[in-house]
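# Structural features, examined
Here is what each chain is made of, one letter per residue.
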Amino acid sequence: MSPFARWFQARVLRKEAGEAELLLEVREEFLQGQGLVHGGILAALLDSALGQAVESLGAKVVTAELSVSYLRPVREGVLLARGWVVHPGRHLLHAAGEVLLEGKRVAFAKGVFYRVG
């Protein structure tokens, strides 16, 4: 496990067949000055969910591109991130995902991952 993963503490619930689900409990160090979860935390969670979905197909990848849209502010709670593979190309794999809080979508993303192994 990487030093980032140890600090971040997102828990993988499911990782199979091009899909993944992760849980992340909001902690105080995730909040920005207005008391909201920093956008970078949501982006990191989405990057992790999409990456886990891609890696569930047996690919070793790095993120080539990530686009995140933020829909609602988050102050506290447990976040559920879901990722799924949209197109498993030979070199570039495309994925999409969302973050939910109490069943409501707070952010979504699309990403491109480059196969390194």
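No experiment lies behind these values; they were computed from the predicted model shown. (Residues numbered from 1 in each chain as written. Predicted model: local features only at pLDDT ≥ 70, side-chain atom pairs only at ≥ 80, totals over all residues. Heavy atoms only, no water.)

### Let's talk about the nonpolar core
Applicable threshold: We define a nonpolar core as any set of buried Ala, Val, Leu, Ile, Met, Phe, Trp, Tyr and Cys residues linked to one another through side-chain atoms lying within 4.5 Å. Burial here depends on accessible area, computed with a 1.4 Å probe over protein chains only, as a share of the maximum for the residue type. Under 20% is buried, over 50% is exposed, and the range in between is partly exposed. Note on conventions: DSSP H or I runs of at least 4 residues are helices, E runs of at least 2 residues are strands, and numbering of each starts at the N terminus. Whether two residues are in contact is decided by their heavy atoms, any of which lying within 4.5 Å being enough.
Core analysis: the largest hydrophobic core is formed by 30 residues, its most contacted members being Phe8, Leu45, Val54, Val74, Leu79 and Val99. Secondary-structure elements contributing two or more residues to this core are strand 2 (19–25), helix 2 (39–55), strand 4 (78–88), strand 5 (92–101) and strand 6 (104–115). Counting residues per element, this core draws most heavily on helix 2, at 9 residues. Each residue touching Val54, except ones within four places of it in the same chain, is listed here: Ala59, Val61, Val85, Leu93, Ala95 and Phe113.

### Examining the packing of aromatic side chains
Formally: What counts as a ring pair is set by centres within 6.5 Å for rings of Phe, Tyr and Trp (its six-membered ring), and what kind of pair is set by the plane angle: stacked under 30 degrees, edge-to-face over 60, tilted for all other angles. Consider the ring centre and the ring normal. A charge sits over the ring if Lys NZ or Arg CZ is within 6 Å of that centre and within 35 degrees of that normal.
Tallying each qualifying case throughout the model produces 5 aromatic pairs. When the ring of Phe4 is compared with that of Phe8, the centres are 5.0 Å apart and the planes differ by 25°; the resulting orientation is stacked. Residue Phe4 and its partner Phe8 are both found in helix 1 (residues 3–8); the two are separated by 4 residues, about one turn of the helix. Here Phe4 falls in the partly exposed class, since its relative accessible area comes to 40%. Residue classification places Phe8 among the buried residues on the basis of a relative accessible area of 2%. A centroid spacing of 5.5 Å and a plane angle of 75° characterise the contact between Trp7 and Phe30, whose relative ring orientation is edge-to-face. Of the two residues, Trp7 is situated in helix 1 and Phe30 in the loop between strand 2 and helix 2; the sequence distance between them amounts to 23 residues. By relative accessible area, which is 1% here, Phe30 ends up buried. Members of the aromatic cluster, joined through ring pairs, are Phe4, Trp7, Phe8 and Phe30. When the ring centre of Trp7 is taken as reference, the NZ or CZ atom of Arg27 above it lies at 5.5 Å.

### What about the UniProt feature "domain: Thioesterase" (unreviewed entry) in the chain?
Defined as follows: UniProt positions are given in the numbering used here, feature names are shortened, and annotations may be inferred rather than shown by experiment.
According to UniProt, the feature "domain: Thioesterase" (unreviewed entry) maps to residues 34–106 in the numbering used here. Secondary structure across residues 34–106 divides into 23% helix and 47% strand, with the first and last C-alpha atoms of the span separated by 17 Å.

### Some thoughts on a nonpolar patch on the surface
As a reminder, the rule being used: Residues form patches when they are more than 30% accessible in relative terms and have no salt bridge. Like charges link within 9 Å. Nonpolar side chains (Val, Leu, Ile, Met, Phe, Trp, Tyr) link within 5 Å. Note that accessible areas follow from Shrake-Rupley with a 1.4 Å probe, and for residues the cover is restricted to the protein chains shown. The salt bridge definition used is simple: a Lys or Arg side-chain nitrogen within 4 Å of an Asp or Glu carboxyl oxygen.
Where nonpolar side chains cluster on the molecular surface, the patch consists of Val62, Leu92, Tyr114 and Val116 and spans about 350 Å² of accessible area. With respect to the element layout, Tyr114 can be found in strand 6. On the accessibility criterion, Tyr114 (41% relative accessible area) is partly exposed.

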